Amino acid sequence: MAASTPRFPGKTAVVTGASRGIGRAIAVALAAEGARVFCTSTKAGGCDATLAAIAALPAGAGEAHAVTCDVGDAASVEQLAKTALAAGNVDFLINNAGVTRDGLFLRMGADDFDAVLQTNLRGTFLVCKAFARAMAKARGGRIVSIGSVVGLTGNSGQANYAASKAGLIGLSKSLAQEFAGRGVLCNVVAPGFITTDMTVDLPADVQAAMQQRIPLERPGSPEEIAGVVAFLCSDAASYITGQTLVVDGGMTM
Ligand code: NDP
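Residues numbered from 1 in each chain as written. Predicted model: local features only at pLDDT ≥ 70, side-chain atom pairs only at ≥ 80, totals over all residues. Heavy atoms only, no water.

A.B. asks: Talk me through the sheet that holds strand β2 (residues 36–41); I want residue IDs and the actual numbers.
C.D. replies: Strand order in the open sheet formed by 7 strands is β3-β2-β1-β4-β5-β6-β7, with parallel pairing between adjacent strands. Edge positions in the sheet fall to β3 (64–68) and β7 (244–247), since each has one partner strand and no second. Each neighbouring strand pair of the sheet contributes to a mean axis angle of 20°, computed without reference to strand direction. With 4 bridges joining them, strand β1 (residues 12–15) and β2 adopt parallel strand pairing. In the sheet register, A13 faces β2, and the bridge partner there is V37. (Pairing = 2+ DSSP bridges. Helix = DSSP H or I, 4+ residues; strand = E, 2+ residues; numbered from the N terminus. Axes fitted to C-alpha atoms, helices over the stretch in contact; angles between N-to-C directions.)

Here it is as structure tokens:
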């Protein structure tokens, strides 16, 4: 069977939180189709394995660059934008960086709430702010933010995380309306239960209970999220904006 034509030669992407898990899979998927990808981690060297995975892709893959960035820190995000935009337009902005600090509400401190909102919501706000003007000026681009099904349903023990991911949907829809006239499309991908470092340490009974709620009877893989993000960056998604695309094996239908 002939290989399909790569969709992203000449394009540039920024993927926050690309050191592992879903972010790494997104960076690899976009690079595999020819995009140059700026990969971020809070740690110097944090994206080494992602860069190695991209370097090992077949010919035609895009190049990858690592940038150290804490998305909750405005100066750090400004530096990321300066680095990426110095190389030209950014076509795809993928807000993937995220953290959890789970706990039942009555035991959740304001510091647990603030820490999660700081990275997941404020971080996305700052990153969008740092790139949106240039994308609007270029009259085109895609912003894809990684939400969660719990932003739609809520989840016991995740009041902070669910609030951050629900906020992401409001933020994305507002940007979709403000930037539609400039050709910048903004959407959220809301994963369900995906096997990554974020979920691998959940107690076995919690994992089993979650899987029982999934009609497809298994967790998703990071690659299954990355494929949907790549679709939203592609020409095939040129009439989709302001949406939240749930990718959860049927868990929340
Ligand atoms: P991981 O914990 O495996 O990876 C999280 C990534 O976010 C890492 O690359 C980490 O970088 C980065 N990160 C964390 N804090 C910051 C920060 N302050 N600034 C910049 N980057 C940061 O998580 P997943 O791959 O599982 O999750 C990716 C996204 O998908 C998150 O937004 C998560 O909420 C969402 N999601 C995940 C689900 C799942 O089941 N796994 C389900 C639904 C949504 P580093 O540590 O290298 O600095």
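A.B. asks: Can you break down the site of the ligand residue by residue, with the values?
C.D. replies: S19, S41, T42, Y161 and T196 are the nearest of the 30 residues found near the ligand. Between the ligand and the protein, one listed contact pairs an oxygen atom with a side-chain N or O atom of S19 at 2.7 Å. Separating an oxygen atom of the ligand from a side-chain N or O atom of T42 is a distance of 2.3 Å. For the shell around the ligand, the elements supplying multiple residues, two or more each, are α1 (21–32), α6 (159–179) and α7 (197–200). (Near = heavy atom within 4 Å. Polar contact = N/O pair within 3.5 Å; in protein donor to acceptor, adjacent residues only side chain to side chain.)

A.B. asks: Any chance you could break down the nonpolar core for me, citing the residues and the numbers?
C.D. replies: One finds I26, L30, V37, I94, V189 and V229 to be the most contacted residues of the largest nonpolar core, which totals 30 residues. Take this core: its biggest share by element is 7 residues, from helix α9 (residues 222–233). Those residues in contact with V189 that lie beyond four places of it in its chain are V144, S145, I146, G147, S148, I225, V228, V229, L232, L245 and V247. Listed in part, the 27 residues of the second largest apolar core include C69, V71, M135 and C186. (Core = buried A, V, L, I, M, F, W, Y, C linked by side-chain atoms within 4.5 Å. Buried < 20%, exposed > 50% of the residue type's maximum accessible area, 1.4 Å probe, protein only. Contact = heavy atoms within 4.5 Å.)

A.B. asks: Give a detailed account of the packing of helix α3 (residues 74–86) against helix α4 (residues 110–137), specifying residues and quantitative values.
C.D. replies: Close contact between α3 and α4 brings their axes to 9 Å; oriented N to C, the two are set at 35°. Remark: the crossing between α3 and α4 carries right-handed chirality. Judged by residue contacts, A74, V77, E78, L80, A81, A84 and L85 of α3 engage L126, V127, A130, F131 and A134 from α4. Partitioning the contact of α3 with α4 into residue classes produces 11 nonpolar, no polar and 1 charged. (Left-handed = near helix turned anticlockwise from the far one by under 90°. Nonpolar A, V, L, I, M, F, W, Y, C, P; charged D, E, K, R; others polar.)

A.B. asks: Run through the state of the cysteines, naming residues and quoting values.
C.D. replies: In protein chemistry, a disulfide is the covalent bond that joins the sulfur atoms of two cysteines. Summed over the entire model, instances satisfying the criterion amount to 0 disulfides. C186 forms no disulfide, and the closest cysteine sulfur to it belongs to C128, at a distance of 6.9 Å. Its relative accessible area of 1% is what places C186 among the buried residues. Cysteine C233 is unpaired, with the sulfur of C186 as its nearest cysteine sulfur at 11 Å. (Disulfide = S-S within 2.5 Å.)

A.B. asks: Give a detailed account of α3, specifying residues and quantitative values.
C.D. replies: Taking 1.5 Å of rise per residue, 13 residues should cover 18 Å, and α3 covers 18 Å from first to last C-alpha, within 8% of that figure. All of the buried residues along α3 are S76, V77, L80, A81 and A84. Projected onto a plane normal to the axis of α3, the buried residues spread over an arc of 140° and lie on a single side. Residues A75, K82 and A86 are exposed on α3 and point more than 90 degrees away from its buried face. (Expected span 1.5 Å × (residues − 1). Arc of directions from axis to C-beta.)

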